[in-house]
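# Coordinate inspection notes
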Protein chains: 4
Amino acid sequence: MSKFEKVCLVLGAGAGIGGHVAARFAREGYHAVLARRSDEEGLGRLVSAIESGGGSATGMMVDASEDGSIEDMVARIESDIGPIDTALYNLGAQIGNRRLLDTPHRTFELGWRLGCFGLFRLAHAMFPAMLERGGGTLLVTSATAAVRGNAGQHSHAAAMGGRRMLCQTMNAEFGPQGIHVAHVVVDGSVDAPDTLGKLLGDKFDAYKASKGEDGVLDPANLADTYWHLAQQPRNCWTHEIDVRPWTDTPWWNDNPPAAINTSARDGKAAFGGEKD
Amino acid sequence: MSKFEKVCLVLGAGAGIGGHVAARFAREGYHAVLARRSDEEGLGRLVSAIESGGGSATGMMVDASEDGSIEDMVARIESDIGPIDTALYNLGAQIGNRRLLDTPHRTFELGWRLGCFGLFRLAHAMFPAMLERGGGTLLVTSATAAVRGNAGQHSHAAAMGGRRMLCQTMNAEFGPQGIHVAHVVVDGSVDAPDTLGKLLGDKFDAYKASKGEDGVLDPANLADTYWHLAQQPRNCWTHEIDVRPWTDTPWWNDNPPAAINTSARDGKAAFGGEKD
Amino acid sequence: MSKFEKVCLVLGAGAGIGGHVAARFAREGYHAVLARRSDEEGLGRLVSAIESGGGSATGMMVDASEDGSIEDMVARIESDIGPIDTALYNLGAQIGNRRLLDTPHRTFELGWRLGCFGLFRLAHAMFPAMLERGGGTLLVTSATAAVRGNAGQHSHAAAMGGRRMLCQTMNAEFGPQGIHVAHVVVDGSVDAPDTLGKLLGDKFDAYKASKGEDGVLDPANLADTYWHLAQQPRNCWTHEIDVRPWTDTPWWNDNPPAAINTSARDGKAAFGGEKD
Amino acid sequence: MSKFEKVCLVLGAGAGIGGHVAARFAREGYHAVLARRSDEEGLGRLVSAIESGGGSATGMMVDASEDGSIEDMVARIESDIGPIDTALYNLGAQIGNRRLLDTPHRTFELGWRLGCFGLFRLAHAMFPAMLERGGGTLLVTSATAAVRGNAGQHSHAAAMGGRRMLCQTMNAEFGPQGIHVAHVVVDGSVDAPDTLGKLLGDKFDAYKASKGEDGVLDPANLADTYWHLAQQPRNCWTHEIDVRPWTDTPWWNDNPPAAINTSARDGKAAFGGEKD
């Protein structure tokens, strides 16, 4: 018999988005399951913090790139812990900017395994029980690279572009069966010590300072948006949403913006953006 | 001296999205200003309902297609009622499906005046005071026609396509100055007696029934999403979001879906969608 | 009785895209009608150049923002010159970058009149005869601003966003009736003396030099692509296509690109793009 | 020493798009290399037909899903046949519509291997020589599933979405180095006996008849568009283009269209599309 009424599973539970979403759901009465590949100690701290706050949580070490790992995790949660009401697929595949010829085949493949295939496997393993219960929610953290491919992002963008289309195919098949799939385009830097922090190392603080006040996404605030999405009643579901800090240029805009002529009141054209 | 601390202005305040957003913000302590072109009695009912619930609200009759009307409204609110913290541009320009040759020039122009130009005018009139106060929020109700143009939607789609791009240009200029612009793609039918209800007349109930349980967007639920967007802290702003009922096919998918072969386990290809 | 077998009408026929498309079609046996608002002398030179090359052409001075102007032009061509087989809507509405508050109402409206309403009026006037003849082609020059709205582009982007959606609605209604509508996203600077040249004035040559070899779109080459689109048989029609010089960053990419780490072969992540 | 001056390599050379593009380039003086996985006899017929027409061609049996196969093919062509000036990646991964739970892990993975990874491998193997020569062209046949994910298309759309993003990342890195990458969204059925023909079997003729006159993409005409793209001078490159038959509804439109009221001249709204 399962011990908890409803579970929120976070796959990719670091100290950034994943950990904060787990904590947010735990605060609302969910049992949070936090799964990640490495740093068991860090995982333990996240679980403890939730428990100190009066919530309940379980930590699991899972390497999502291994055959059977996601499937075993889902089976174990459903049998031993409780029914997965909401899952967040929060695994990233960002490896920084690399030239194509500096991107080995195995790197490109691993990007796909974590960025796209793992999501397919999670849905495969998890949806049957959700369908039996009449529904559920699958939140998917995504990235700018899901909607446009920059130079250097060969592995990441190919994985994320597949992830976005997979979210659409799953939404199309499972939405009318009660499963809410939401794709969150995180179009800005997140104050996430376990990912961006590790990528930047000791430049992380300087980087955040350079972004100015409120210039980096606070994962606690982002978790509120995830929570809102998961609570939308089924007459009013969002499939795709973007988020970024106020001072960040959205991915579709030029950065920096072309100069804006402030003395153009005379009606003479002021040429700025060359091609808009 | 203004009477209220912060105002939520709804331009296009019928009994659907507009009225519910006004009520939602009033419930949270905003003074709601509900502006619409016709049906003063209906407007009065919306204001009364807000006041009965303990909120405060003002109704205004405004024809947004008239020169000076939006400008006067904003000036009057700012001087007599209170500072506009949040505005919802909720004017529609849907006239149903018409062939191009059945769409007169004046219809096409009116579509643009309500669908696009009025938003520009509202921002023009309202942003200077918001900038002085360090920020504000502009929510814009939009439609599927902003992202794809169906046959028969010449007037509506041209207006909404302009509206969407205008939201992007405003976001690009004013986001970094503290004004949050959010574009909500309403990709489903709303249970709105003043718009869809009037278009469908006595077929409205049958239409809603045909959509099944929770098959029509409930504007009260939609108002929760608008509220969430307006409350996002500036490190975590959404510019675009879509919403639809669970059983509705998103605009990008085929409707109805191609048949899915359920006995394809043998590995033989099952041809369904002809071109995906 | 009309004098020519088939006409290619170019509305917005300067010395850039418009003039070159007219010349390209004239070279293939079309009678080219070149229409523009100003510089009758420049227009005369374009017509003469076509005639010197053995083609036939007519120049017309037309102010597309005036009521009845487009309609009269179409009627006159159809009755006096020949049937319009292909039309190119090439009117721009780029006024350079302006702040919202430096963009007067009349500027925003004029942008729409030239950028969107004129296209609607042309189709309205021209399609009935095309339908009677079983088909035709409408080519529409468009811009980056049709697909994303940059700061400073309020007027232009709102007009172009409307233009793009209108192309989709017209394609949806008229494609199956034999009228090919193609929307060309010109996502780069064109070597066009009458538009970009005038905007930049004596900085035009330096600008072109700064773009490097083949760094600016040559309108003669672009005209080949327009010609190709117009000749696609109806089993194989393109609705949307983009074009830019090889060294230009597409609108969806960051410019300049984030640094690409060339020494990343050791497998350590190299952080570049902050948010992809 | 290589025998031919310039090679057009087609990976995925059946009797549809691939074979026709090979023949089109051979007609223009390229040596065509046609590579495919199965049906050596059919491959021989395509090569013979090119040779009968005065062109030169080589056929190769290649299983692109095997490690080393694409790499060996490229090396062999470059050393024994001639420099690859243009390549067409034409491998599909369409398996028809399958429910998620009827899509085995290995099917999803194979979809990615053919739909996305193979393209990465081809570029990896081929671009170094192209860069040494100062440029080249990579044409990529793509599908509707690259831009939207329908129910049942889990494997195909995830692969194609990755493919599209990979085309963008490659274009961003290699465009400014002289390699033209073009992504062709084939948004309609192709008269291709080796793919659609095999999927539909003896229903293929009835299917084509049901589409009406010119209702199916003729790969010979499509090859003209591929040829045009490959010949664009570098000041004027297209990255993305769509194609479909005139009577086909573009992927972004509703199919069938909502009813259009033809008697709406009285100004009364006619409700058609429920949510545009």
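Residues numbered from 1 in each chain as written. Chains lettered and ligands numbered in written order. Predicted model: local features only at pLDDT ≥ 70, side-chain atom pairs only at ≥ 80, totals over all residues. Heavy atoms only, no water.

## Quick word on the overall build of chain A
A tally of helices and strands in chain A yields eight helices and seven strands. Compactness check: chain A gives a C-alpha radius of gyration of 20 Å against a globular reference of 19 Å for 276 residues, within 12% of the reference. With respect to the principal axes defined by its C-alpha atoms, chain A has extents near 75 × 45 × 40 Å. Sequence-distant contacts in chain A: of pairs separated by 6 or more residues, those separated by 24 or more amount to 74%. Side chains of chain A carry 26 positive and 34 negative charges; the gap between the two charge centres is 3 Å. (Helix = DSSP H or I, 4+ residues; strand = E, 2+ residues; numbered from the N terminus. Rg over C-alpha atoms; globule rule 2.2 N^0.38 Å. Contact = heavy atoms within 4.5 Å. Lys, Arg positive; Asp, Glu negative; His and termini not counted. Charge placed at Lys NZ, Arg CZ, Asp CG, Glu CD.)

## As for helix α5 (residues 154-174) of chain A
Taking 1.5 Å per residue as the helical rise, α5(A) with its 21 residues ought to reach 30 Å, and the 30 Å between its terminal C-alpha atoms agrees with that figure. Within α5(A), 21 of the 21 residues are buried, leaving the element largely enclosed by the surrounding structure. (Expected span 1.5 Å × (residues − 1). Buried < 20%, exposed > 50% of the residue type's maximum accessible area, 1.4 Å probe, protein only.)

## Focus on the pairing of strand β4 (residues 84-89) of chain B
All names here are of chain B. Here β4 lies mainly inside the structure; five of its six residues are buried. Direction of pairing for β4 relative to strand β5 (residues 136-143): parallel, over a ladder of four bridges. The residue of β5 that forms the bridge with A87 is L138. Handedness of the crossover is the feature at issue here: the chain leaves β4, passes through helix α4 (residues 105-133), returns alongside β5, and the resulting connection is right-handed. (Pairing = 2+ DSSP bridges. Right-handed = clockwise from strand over helix to strand, strands pointing away.)

## A word on the interface of chain D and chain C
Buried accessible area, meaning the area lost when the parts come together, often serves as the stated size of an interface. Taken together, the contact between chain D and chain C spans 35 residues of the former and 35 residues of the latter. Looking only at chain D, the three residues that lose the most surface to chain C are D:R234, D:N235 and D:W246, adding up to 26% of its buried area. Inspection of the chain D/chain C interface yields four salt bridges. The shortest N-O distance in the salt bridge between D:D214 and C:R234 comes to 2.7 Å. For the side of chain D that touches chain C, the elements supplying multiple residues, two or more each, are α5 (154-174), α8 (219-231) and β7 (240-243) of chain D. The leading source of residues in the side of chain D that touches chain C is α8(D), at five residues. Here the side of chain D that touches chain C is built from residues that sort into 14 nonpolar, 13 polar and eight charged. (Buried area = accessible area lost by both parts, 1.4 Å probe. Salt bridge = Lys/Arg side-chain N within 4 Å of Asp/Glu carboxyl O. Nonpolar A, V, L, I, M, F, W, Y, C, P; charged D, E, K, R; others polar.)

## Remarks on the packing of aromatic side chains
Applying the stated rule across the entire model yields 44 aromatic pairs over all chains. For the pair B:F117 and C:F108, a centre-to-centre distance of 5.9 Å together with 15 degrees between the ring planes defines the contact as stacked. With B:F117 in helix α4 and C:F108 in helix α4 (residues 105-132), this residue pair bridges two chains. Like C:F108, B:F117 is buried. These aromatic residues form a ring-pair network of at least three members: A:F108, A:W112, A:F117, A:F120, D:F108, D:W112, D:F117 and D:F120. When the ring centre of B:W246 is taken as reference, the NZ or CZ atom of A:R234 above it lies at 4.0 Å. (Phe/Tyr/Trp six-rings, centres within 6.5 Å; stacked < 30°, edge-to-face > 60°. Lys NZ or Arg CZ within 6 Å of the ring centre and 35° of its normal.)

## Some remarks on the relation of the copies chain D and chain C
When chain D is fitted onto chain C, the two copies agree to an RMSD of 0.0 Å after a turn of 180 degrees and an axial shift of 0.0 Å. What the superposition gives is, in effect, a two-fold axis relating one chain to the other. Rotation axis and chain D: the residue whose C-alpha lies nearest the axis is D:I241, separated from it by 2.3 Å. Mapped onto chain C, 100% of the interface residues of chain D again fall at the interface, so both copies present the same surface. (Least-squares fit on C-alpha atoms with pLDDT ≥ 70 in both.)

## What about the state of the cysteines?
On inspection of all chains with the given rule, the structure shows zero disulfides over all chains. Left unpaired, B:C236 is separated from the closest cysteine sulfur, that of A:C8, by 17 Å. (Disulfide = S-S within 2.5 Å.)

## Here's the deal with the side chain of D:T103
With respect to the helices and strands, D:T103 occurs in the loop between β4 (84-89) and α4 (105-133). The exposure class assigned to D:T103 is buried, which follows from its relative accessible area of 1%.

## A closer look at the side chain of A:S69
Residue and element names in this part refer to chain A. Tracing the backbone through its elements, the reader meets S69 in helix α3 (residues 69-81). Within the local environment of S69, its side chain forms a polar contact with the side chain of R121, the two groups lying 3.4 Å apart. Contact partners of S69, with chain neighbours within four places excluded, come to V62, D63, A64 and R121. (Polar contact = N/O pair within 3.5 Å; in protein donor to acceptor, adjacent residues only side chain to side chain.)

## Let's talk about the environment of C:R133
All names here are of chain C. With respect to the helices and strands, R133 occurs in the loop between α4 and β5 (136-143). For the pair R133 and N90, spaced 43 residues apart in the sequence, the C-alpha separation amounts to 24 Å. Once residues within four sequence positions are removed from consideration, R133 is found in contact with E78, P83 and I84. Polar contacts involving the side chain of R133 include one to the main-chain carbonyl oxygen of I84, which spans 3.1 Å.

## Observations regarding unusual backbone geometry
For the bond running from A:N255 to A:P256, omega is 0 degrees, close enough to zero to count as cis. Within the secondary structure layout, A:P256 lies in the segment after β7 (240-243). A positive phi angle, close to 65 degrees, is found at D:D39, a residue other than glycine. Residue placement: D:D39 occurs in the loop between β2 (31-36) and α2 (40-52). According to the relative accessible area criterion, D:D39 is partly exposed, its value standing at 30%.

## Observations concerning the packing of helix α3 (residues 69-81) of chain D against α4(D)
When two helices pack together, their arrangement is given by the angle between the helix axes and by the axis-to-axis distance. Residues and elements named next belong to chain D. Where α3 meets α4, the closest approach of the two axes is 8 Å, and the angle between their N-to-C directions is 25 degrees. Relative to α4, α3 is oriented roughly parallel. Handedness of the crossing formed by α3 with α4: right-handed. Touching S69, I70, E71, M73, V74 and E78 of α3 are G118, R121, L122, A125, M126, A129 and R133, all from α4. (Axes fitted to C-alpha atoms, helices over the stretch in contact; angles between N-to-C directions. Parallel < 35°, antiparallel > 145°, perpendicular 65-115°, else oblique. Left-handed = near helix turned anticlockwise from the far one by under 90°.)

## Points about the pairing of β5(C)
Residue and element names in this part refer to chain C. Of all eight residues in β5, eight are buried; the element is thus mostly enclosed. Alternating positions in β5 separate into two faces, G136, L138, V140 and S142 on one and T137, L139, T141 and A143 on the other, with burial throughout. Bridge count between β5 and strand β6 (residues 179-186): eight bridges; the pairing is parallel. Pairing of A143 across the sheet is with V186, part of β6. Note that the unit made of β5, helix α5 (residues 154-174) and β6 has a crossover that is right-handed.

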